[in-house]
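Spelled out, the chains give:
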Amino acid sequence: QVQLVESGGGLVQAGGSLRLSCVTSGRTFSIYPMGWFRQAPGKEREFVAAISWRGGTTFYADSVKGRFTISRDNAKNTVYLQMNSLKPEDTAVYYCAADSGRPSDYARRTEYDYWGQGTQVTVSS
């Protein structure tokens, strides 16, 4: 079993930055591709960013490209999401997810087998 715990959310003004962390415990973290998703009130959970198990390949939603950066430290069993130039429309609960296999589509929510409990990010205008 794999457990994921997110942290780093909070309230920030538009244009500000936050860094989310997701610590994984349980089975070997380093073999899992990891992703970040978010869900705003009344909306579907949507893809934000993903990273391959070695960290050599990253993927981003168009809405965050150039502003957000995903990275991982396998020695610390942690994946990060650095969020810069935040906008009010970035307000959502952010979830990290782990895929126990080899995803065919990193942006597809159903590819991921394990999920954290989420951390709230609120961006004020």
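Residues numbered from 1 in each chain as written. Predicted model: local features only at pLDDT ≥ 70, side-chain atom pairs only at ≥ 80, totals over all residues. Heavy atoms only, no water.

In spatial order, the strands read β1-β3-β8-β7; together these four strands make up an open sheet with antiparallel pairing. What marks the edges here is a single partner per strand, and that holds for β1 (2–7) and β7 (68–73). Geometrically, the sheet is characterised by an average inter-axis angle of 15 degrees between neighbouring strands, direction not taken into account. (Pairing = 2+ DSSP bridges. Helix = DSSP H or I, 4+ residues; strand = E, 2+ residues; numbered from the N terminus. Axes fitted to C-alpha atoms, helices over the stretch in contact; angles between N-to-C directions.)

To continue, consider the environment of R108. With respect to the helices and strands, the residue R108 is situated in the loop between β9 (92–98) and β10 (114–115). With a relative accessible area of 39%, R108 lands in the partly exposed category. (Buried < 20%, exposed > 50% of the residue type's maximum accessible area, 1.4 Å probe, protein only.)

Before going further, it helps to examine the state of the cysteines. Overall, the coordinates contain one disulfide when judged by the stated rule. Paired by a disulfide, C22 and C96 hold their sulfur atoms 1.9 Å apart. On the sign convention where negative is left-handed, the bridge of C22 and C96, at about 45 degrees about the S-S bond, is right-handed. Separated by 74 residues along the polypeptide, C22 in strand β3 (residues 18–26) and C96 in strand β9 bring together distant segments of the chain. By relative accessible area, C96 is classed as buried at 0%. (Disulfide = S-S within 2.5 Å.)

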